[in-house]
Amino acid sequence: MSDATRAYLLRRLRLLPLMAVVGIGAGWVVFALEDAPRFLASWTSGWGSPAFIDLVHSSLSGLIYTVGMWNVVLEAKRVLTARWPIATWQTAAVHIVAIASIATLAFVLFKQIDPVLCAVLGLPDNGKEPPMVVIMGVAFVFTAFVTALTYTVEFYQRFRDAEHARLQAELSALRAQINPHFLFNTLNSIAALIRVAPSEAEGVTERLADLFRYTLRASQHPTVTLRDELEATQLYIDIEQVRFQDRLLVHVKVDPTVARAQVPSLLVQPLVENAVKHGVARTDGPCVVRVRAHIAEDAGAGRTPAPMVELQVFDTGPGFDSRDPDVVLKRGSGLANVRDRLRLLYGKAATLSLLADGVVLRFPFRAMELERTGLTGDGLPSDRALGDGLAADDLPHEVTIVSPQTAARDKR
Amino acid sequence: MLRAVLVDDEPLARTRMRMLLAEAEHEVEVIGEAGSGREAVPLIHETKPDVLFLDIQMPVLDGFDVLDLLAPPRPHVVFVTAYDEFALRAFEVHALDYLTKPVRAERLARSLSRVAAMVAAGTPDAALDGFQATRVGAPVHRLTLRAGRSLRVAEVAEVLAFEAREKLVFARHAGRDYPVDFTIQELETRLPAERFVRVHRAVIVNVEAMRELLPWFSGTYRLRLKDGTEVPVSRRRVRTLKARLGG
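Definitions and limits used
Residues numbered from 1 in each chain as written. Chains lettered and ligands numbered in written order. Predicted model: local features only at pLDDT ≥ 70, side-chain atom pairs only at ≥ 80, totals over all residues. Helix = DSSP H or I, 4+ residues; strand = E, 2+ residues; numbered from the N terminus. Buried ≥ 20, exposed ≤ 12 C-beta atoms within 10 Å, placed from the backbone. Contact = placed C-beta atoms within 7 Å. Nonpolar A, V, L, I, M, F, W, Y, C, P; charged D, E, K, R; others polar. Pairing = 2+ DSSP bridges. Axes fitted to C-alpha atoms, helices over the stretch in contact; angles between N-to-C directions. Parallel < 35°, antiparallel > 145°, perpendicular 65-115°, else oblique. Left-handed = near helix turned anticlockwise from the far one by under 90°. Core = buried A, V, L, I, M, F, W, Y, C linked by C-beta atoms within 7 Å. Expected span 1.5 Å × (residues − 1). pLDDT = per-residue confidence, 0-100.

We now examine the overall build of chain B. Counting its secondary structure elements, chain B contains eight helices and 15 strands. Burial analysis of chain B (247 residues in total) assigns 36% to the buried set. In chain B, 56% of the contacts between residues at least 6 apart in sequence involve partners at least 24 apart.

Right, let's get into the overall build of chain A. The secondary structure content of chain A amounts to 13 helices and eight strands. Counting all 412 residues of chain A, 31% fall into the buried class.

A few words now on the interface of chain B and chain A. In many analyses, interface size is given as the accessible surface area lost on bringing the parts together. Taken residue by residue, the interface counts 17 residues in chain B and 20 residues in chain A. Per-element tally for the side of chain B that touches chain A: the top contributor is helix H1 (residues 11–23) of chain B, with six residues. Classifying every residue of the side of chain B that touches chain A by side-chain character gives nine nonpolar, three polar and five charged.

The next subject is the sheet that holds strand E8 (residues 161–165) of chain B. Residue and element names in this part refer to chain B. Read across the sheet, five strands follow the order E10-E9-E8-E12-E11 without closing on themselves; strand pairing throughout is antiparallel. Where the open sheet ends on each side, the last strands, each with one partner, are strand E10 (176–180) and strand E11 (196–200). Averaged over neighbouring strand pairs, the angle between their axes works out to 30° when direction is ignored. Here strand E9 (residues 168–173) runs beside E10; their pairing, made up of five bridges, is antiparallel. Bridged to Ala171 within E10 is Tyr178.

So, on to the pairing of strand E5 (residues 308–315) of chain A. In summary, the side chains of a regular strand alternate between the two faces of the sheet. Residue and element names in this part refer to chain A. Taken across its eight residues, E5 has seven buried, putting it largely inside the fold. Taken together, the seven bridges between strand E4 (residues 287–295) and E5 define a ladder with antiparallel strand orientation. Along E5, the bridge assignment pairs Val291 with Val313. Here E5 pairs with strand E7 (residues 358–364) via seven bridges, running antiparallel. Residue pairing for E7: Phe314 is matched across the bridge by Gly358.

We now examine the packing of helix H3 (residues 50–83) of chain A against helix H5 (residues 113–121) of chain A. Residue and element names in this part refer to chain A. Between H3 and H5, whose axes approach to 11 Å, the crossing angle comes to 150°. Between H3 and H5, the crossing angle belongs to the class labelled roughly antiparallel. In this structure, H3 crosses over H5, and the sense of that crossing is right-handed. The residues of H5 that touch H3, namely those facing Ile53, Val56, His57, Leu60, Ser61 and Ile64, are Ile113, Asp114, Leu117 and Leu121. In terms of residue class, the contact of H3 with H5 is built from seven nonpolar, two polar and one charged.

All names here are of chain B. Mapped onto the secondary structure, Leu128 falls in helix H6 (residues 126–135). What makes Leu128 partly exposed here is the crowd of 19 C-beta atoms within 10 Å. Sequence-wise, Leu128 and Val78 are 50 residues apart; in three dimensions their C-alpha atoms are separated by 9.8 Å. Among residues more than four places away in sequence, those in contact with Leu128 are Val77 and Leu96.

Below, the discussion takes up the sheet that holds strand E15 (residues 230–233) of chain B. All names here are of chain B. Ordered by their spatial adjacency, three strands build an open sheet running E13-E14-E15, and the pairing between neighbours is antiparallel. Since the sheet does not close on itself, it has two edges, and those belong to strand E13 (210–215) and E15, each with one partner. Geometrically, the sheet is characterised by an average inter-axis angle of 30° between neighbouring strands, direction not taken into account. Where strand E14 (residues 221–225) and E15 come together, four bridges link them in antiparallel fashion. Following the sheet pairing, Arg224 is matched in E15 by Glu230.

Here we take up unusual backbone geometry. Residue and element names in this part refer to chain B. For the peptide bond that leads from Lys101 to Pro102, omega is -5°, which places it in the cis range. Along the polypeptide, Pro102 turns up in the loop between strand E5 (98–100) and helix H5 (105–121). The phi torsion at Lys48 lies on the positive side, around 45°, for a residue other than glycine. Among the secondary structure elements, Lys48 is positioned in the loop between helix H2 (37–47) and strand E3 (51–55).

Let us look at the environment of Lys167 of chain B. Following the sequence through the fold, Lys167 of chain B ends up in the loop between E8 and E9. Taking the C-alpha atoms as reference points, Lys167 of chain B and Thr183 of chain B, 16 residues apart in sequence, are found 8.9 Å from one another.

Val272 of chain A together with Val7 and Phe53 of chain B are the most contacted members of the largest nonpolar core, which has 92 residues in total. For this core, the element with the most residues is helix H9 (residues 226–244) of chain A, which contributes nine residues. Once residues within four sequence positions are removed from consideration, Phe53 of chain B is found in contact with Ala4, Leu6, Val7, Met17, Val78 and Val80 of chain B. Of all hydrophobic cores here, the second largest spans 25 residues; its members include Val169, Ala171, Val180 and Val199 of chain B.

Under the 1.5 Å per step criterion, the end-to-end length of H9 of chain A is 26 Å for 19 residues, consistent within 8% with the ideal 27 Å. In terms of burial, H9 of chain A is largely enclosed, as 19 of its 19 residues are buried.

Secondary-structure assignment places Arg160 of chain A in helix H6 (residues 132–177). Along the chain, Arg160 of chain A and Leu344 of chain A lie 184 residues apart, while their C-alpha atoms are 9.9 Å from each other.

Once that is clear, we can look at the confidence of the model for chain B. Residue and element names in this part refer to chain B. Confidence in the prediction for chain B averages 88 pLDDT; 99% of positions are at 70 or higher. Taking the mean pLDDT of every element in chain B, the minimum, 79, falls on helix H8 (residues 238–246) and the maximum, 96, on strand E1 (residues 2–7). Quick note on the complex model: pTM equals 0.62, ipTM equals 0.70.

Quick look at the structure:
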């Protein structure tokens with residue numbers, strides 16, 4: 001048995017006493033609603049009296065129904081969430097209908113225990129029950145209501161957590177952007193370029209301004225398109241390339257189909273910055289940073305019908321000190337923040353894996369209107385061309401951005 | 001005329017410094033440039049400049065590491081940094097001369113007059129000496145190896161063994177023995193303990209380089225290293241060595 005399974009079973013076991021108490025309580029409530037005087041009498045008429053036997057009966061059926069149904073619903077919810085993660089209100093609705101249907105069927109099955117219970121307690125079989133259709137209807141509506149309530153509460157909690165993480169990300173992104181080391185070194189480069197290559201100095205200044213503007217604006221959007229992120233990343237890469245020249249080679253390869261993918265804002269640039277920092281800053285020689293984005297081919301071996309986006313950021317630096325995600329991610333790093341925000345948007349369907357030479361993100365492909373954001377543009381409604389990296393709507397089949405200095409070297 | 005060496009891993013930063021020095025009132029000749037700490041150490045050794053403009057944040061060997069590896073006579077040093085809280089604090093505490101990027105011409109002129117005055121009077125840089133003294137005793141991770149007039153920087157992990165012979169300590173590195181400026185006692189305390197073990201009064205070996213323990217006379221042993229050479233092992237250190245080999 002795996003640790004995860006054991007922990008899961010243990011959690012469920014701990015829930016059993018609560019289930020039992022709620023079940024017996026529910027049995028009493030039903031009894032009291034049916035026949036209040038008899039319910040009161042059952043407490044005073046002594047052991048073995050017919051009223052007392054009725055109390056035992058209602059307690060036991062309440063216990064059996066509640067524990068049984070509760071577990072069926074939890075199990076159904078677990079299996080559904082694992083196979084078809086909740087992404088939209090529609091999937092949530094499908095979940096609720098499915099769970100309520102399963103629970104209703106289970107209810108009908110549990111009802112078959114009632115005659116057995118009556119026989120054991122020596123009670124006559126209850127003949128004056130409402131018709132089966134009504135019972136099933138009530139069971140369906142009840143479970144659907146409870147499930148919907150649970151989902152709403154979960155959604156609200158997730159929303160609040162997401163909001164919190166977003167604010168954190170906004171803060172840390174701003175802090176990282178206004179990374180003084182990056183800023184002052186870039187200003188120093190500009191100061192040098194003003195005399196030796198004025199047009200290049202102009203270019204760096206513009207890119208630095210665009211990058212800061214993007215960061216400020218994107219931090220107010222919870223999600224943006226992957227293309228917005230890649231464009232901002234390209235601004236960053238262009239600046240770093242001026243600083244490091246031959247020591248930094250960057251290859252960006254993006255499958256245009258994933259350009260519309262919805263991602264948390266300020267996701268990609270921190271990953272690339274991380275790669276540049278660890279790659280370039282820890283080796284004397286040239287460092288190659290590769291950024292790839294495409295649809296993952298083996299999307300969960302047919303289990304998940306939805307296509308997955310795979311984003312890879314690799315560098316030829318010394319690699320992580322450890323491949324254990326807990327060790328690398330625990331340091332409150334930018335990487336941990338990236339993983340958390342991806343999780344908040346896509347739940348467990350999103351993964352971040354550490355390889356020896358980089359990071360791979362996988363998350364469900366959810367297309368987003370390219371028009372909605374376009375944060376790297378200058379805001380003119382008629383001008384939808386967003387920067388030089390990728391053109392707005394007529395994306396070529398495959399986009400390869402190789403920075404000018406690297407183009408010659410890449411031919412080997 | 002001041003003779004200067006520039007050390008910065010960003011080419012444009014060196015370009016700017018060169019331009020500023022060319023325009024400075026003091027006459028400064030840039031006699032060498034290095035794009036990494038590793039290149040800087042031999043360059044400084046060869047050119048013996050009066051003043052060093054040393055960037056702090058560099059890959060592998062940073063500015064402080066370079067300073068540690070400089071054997072006397074070392075040049076006057078003007079540190080250059082974009083922004084590094086640790087470095088700025090060290091500069092303030094030790095009253096070291098430093099420039100922040102982007103470097104300003106007026107500020108550079110002040111550093112140059114200060115250095116020029118010290119060079120002319122032949123006074124040593126007391127602040128820098130004091131700072132360097134605080135770094136002595138820190139773990140040694142790299143060494144400068146000297147062969148004739150040339151000099152190179154090596155990771156201590158690449159050294160197979162240190163052996164004292166005739167009042168000198170030699171590092172065995174890539175098939176050659178290089179004299180180093182440490183005593184065996186100093187090395188024993190300052191080398192990474194998980195990597196090096198003392199096996200004899202005069203010998204420290206790299207754990208990774210040990211190959212075979214050969215019995216010798218009267219309870220002593222010889223230790224064969226991975227390059228085929230052997231070093232002596234004293235009787236009382238055999239047990240700890242066996243424990244290291246066994247573990």
